[in-house]
Amino acid sequence: MRRVPEHAPIVTAAAMRAAEAAAFASGQSQREVMERAGAAVAVQVARLAAGRAILVLAGPGNNGGDAYVVARWLAERGHDVTVAGLGAPTGVAAEMRAAWTGEVTDLDTVAPRVVLVDGLFGTGVSRPLAADVARALARLRRGAAITIAIDLPSGIATDDGSDLEAAGADVTVALAALKPGHVLGDGAGASGHVLLADIGVPVASHWHTLARPSLEPPPRDAHKFTRGMVAVLGGAMPGASRLAARAAMAAGAGYVVLAGEDRGGPDALVHRTTDADLFGDPRIGALVCGPGLGRDAAASDLLDRALACERPLVLDGDALSLLGADAATRLRGKHAILTPHSGEFDRMFGVGQGSKIDRTIAAAARIGCTIVHKGADTVIADPAGRVTVSAAAPTWLASAGTGDVLAGLVAARCAAGAADPASEAVWLHARAAALAGAGLIADGLIDHIGGAIEECL
Ligand SMILES: NC(=O)C1=CN([C@@H]2O[C@H](COP(=O)(O)OP(=O)(O)OC[C@H]3O[C@@H](n4cnc5c(N)ncnc54)[C@H](O)[C@@H]3O)[C@@H](O)[C@H]2O)[C@@H](O)CC1
Ligand SMILES: [K+]
């Protein structure tokens, strides 16, 4: 499983440029910043190279400028370094090129070495890599035991993670902040393990990577209702609603109701009918609607009643399909957390423009609800524009029923009164998956929720 720093700021290329401009305006020189960036990367390269031969690739922009600093720093400390260049840098990058006293060979002909440092392009990449450059990069990566990218793997679009012919990296040293390209789409996989380097440029952002929540065991005077009551609406596919209910129980809800005709599930699960008393029960801290609900008239009626009641809602699966393009009008002003996968999201809000982060923020603002836009790169956005991205969840989670488990987890944290139930649930879900290991199934995931919670106490 790849590692990504927790609670790291995420900024676009434009925001990064603005942060750099502010640092320069406050008296730092671009040379100082580039020296710091290069040294920060070089420290990691030295550690990972452990004495093995290093090839540094230096591109035509400031990413290349960083690369020449890396090469100089390593050579000055006795490492075996060669450099291959692409294009002639300008400005401060040209000064760094001039300060490298060794040879600069051609990218096309250079032989691979055990350690590859990719400093061809960073946040300035603006179009797909030329075929010969992409070919050379791929060849050199294949010939290396480890590839370390400076700031971003060359050919990953900074702001949306799309693949512009990148070869990828095993480790990426992100400078000053993470970029959407480290956590979204193809960029997430291409970046490998991500390290965050401080280059003395302060960065502020409302977007962060997911962080381990800090949880408390129940207080001494807790009873079942103070720990949170969750109700799950059952429907056409009882297995899904049962998974959500069991996940809510495992996640610490004190009282979990499965409402409908299904009588299955553990003995501690309370069964009730979907009568007016249920929808009017003020003790319900979160009502889950959608897992296994179905899409028939009965399902639609249950969704209507859920939307009409005053309880906080967790809407998933069939509830999202039933809402479809009416989501924006029907959800405005509701206290709800939505957990769509990409297909459901697109049906509700359209394919739209921009990155997954941009689109999720826009949708959350439109409906005034928190959205957990699921995937290998789960993006959580609230109506105020705060974003959390889960970028290192095990890919084994891509199996039937894991979304139902997440809905139950969100509901449990919501009913417990958590400040950020969606992010906490997504962290616990990913951690439970890591603990469950390869080949996990949704049922087994529930068995590891307790272990994930233990790590947060
Ligand atoms: N602005 C600064 O002072 C700092 C920048 N830093 C580094 O600079 C990077 C950004 O630098 P730049 O904005 O110069 O951008 P890059 O170095 O990422 O690349 C920009 C150059 O590549 C060209 N280019 C873009 N896409 C191309 C393609 N597909 N094929 C061929 N040429 C292409 C552009 O025309 C430009 O000349 C960061 O990722 C980071 O590594 C750090 O040194 C910190 C300080
Ligand atoms: K790079």
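About the criteria used
Residues numbered from 1 in each chain as written. Chains lettered and ligands numbered in written order. Predicted model: local features only at pLDDT ≥ 70, side-chain atom pairs only at ≥ 80, totals over all residues. Heavy atoms only, no water. Near = heavy atom within 4 Å. Polar contact = N/O pair within 3.5 Å; in protein donor to acceptor, adjacent residues only side chain to side chain. Areas by Shrake-Rupley, 256 points an atom, 1.4 Å probe, with all protein chains shown as cover. Nonpolar A, V, L, I, M, F, W, Y, C, P; charged D, E, K, R; others polar. Axes fitted to C-alpha atoms, helices over the stretch in contact; angles between N-to-C directions. Helix = DSSP H or I, 4+ residues; strand = E, 2+ residues; numbered from the N terminus. Parallel < 35°, antiparallel > 145°, perpendicular 65-115°, else oblique. Left-handed = near helix turned anticlockwise from the far one by under 90°. Contact = heavy atoms within 4.5 Å. UniProt positions renumbered as here; feature names shortened; annotations may be inferred. Buried < 20%, exposed > 50% of the residue type's maximum accessible area, 1.4 Å probe, protein only. Pairing = 2+ DSSP bridges.

A. Structural view of the site of ligand 1. Around ligand 1 sit 22 residues in total, of which Glu20, Asp66, Gly122, Arg127 and Asp151 are the nearest. In the environment of ligand 1, an oxygen atom lies 2.5 Å from a nitrogen or oxygen atom belonging to the backbone of Gly122. Within the contact set of ligand 1, an oxygen atom lies 2.6 Å away from a side-chain nitrogen or oxygen of Asp151. Its free accessible area being 870 Å², ligand 1 has 80% of it covered by the protein chains. In terms of residue class, the shell around ligand 1 is built from 10 nonpolar, eight polar and four charged.

B. Representation of the packing of helix 8 (residues 238-250) against helix 15 (residues 402-415). Contact pair helix 8 / helix 15: the axes reach a minimum separation of 7 Å and the direction vectors enclose 40°. Looking at the two axes, helix 8 sits oblique to helix 15. Judged by the sense of rotation from one axis to the other, the crossing of helix 8 with helix 15 is right-handed. Facing Ala240, Leu243, Ala244, Ala247 and Ala248 of helix 8, the residues of helix 15 in contact are Asp404, Val405, Gly408, Leu409 and Ala412. Counted by class, the contact of helix 8 with helix 15 contains eight nonpolar, one polar and one charged residues.

C. Inspection of the UniProt feature "binding site: AMP" (unreviewed entry) in the protein chain at higher detail. Under the feature "binding site: AMP" (unreviewed entry), the UniProt entry names Lys374, Gly375, Ala376, Asp377, Thr378 and Gly403. Across 30 residues, the annotated set stays spatially compact, with a maximum C-alpha separation of 14.0 Å. In this structure, Thr378 sits in strand 16 (residues 378-381). By relative accessible area, which is 8% here, Thr378 ends up buried. Contacts of Thr378, omitting those with residues within four sequence positions, involve Lys356, Val372, His373, Thr388, Val389, Ser390 and Val426. In terms of polar contacts, Thr378 uses its side chain to reach the backbone carbonyl oxygen of Gly375, at 3.0 Å.

D. Main features of the packing of helix 3 (residues 62-76) against helix 4 (residues 91-99). At a minimum axis distance of 8 Å, the contact between helix 3 and helix 4 shows a crossing angle of 25°. Between helix 3 and helix 4, the angle is such that the two are roughly parallel. Once helix 3 is placed against helix 4, the crossing between them reads as left-handed. In this structure, helix 3 uses Asn62, Gly65, Tyr68, Val69 and Arg72 to contact helix 4, whose residues at the interface are Ala93, Met96, Arg97 and Ala99. Residue classes in the contact of helix 3 with helix 4 are distributed as five nonpolar, two polar and two charged.

E. Region of the structure containing the sheet that holds strand 2 (residues 81-85). Strand order in the open sheet formed by seven strands is 3-2-1-4-5-6-7, and the pairing between neighbours is parallel. Edge strands, defined here as strands with exactly one partner in the open sheet, are strand 3 (104-106) and strand 7 (193-197). Across this sheet, the average inter-strand angle for adjacent strands is 25°, counted without regard to direction. Judged from the three bridges that link them, strand 5 (residues 146-150) and strand 6 (residues 171-175) form a sheet pairing that is parallel. Looking at strand 6, one finds that Ala149 is bridged to Thr172.

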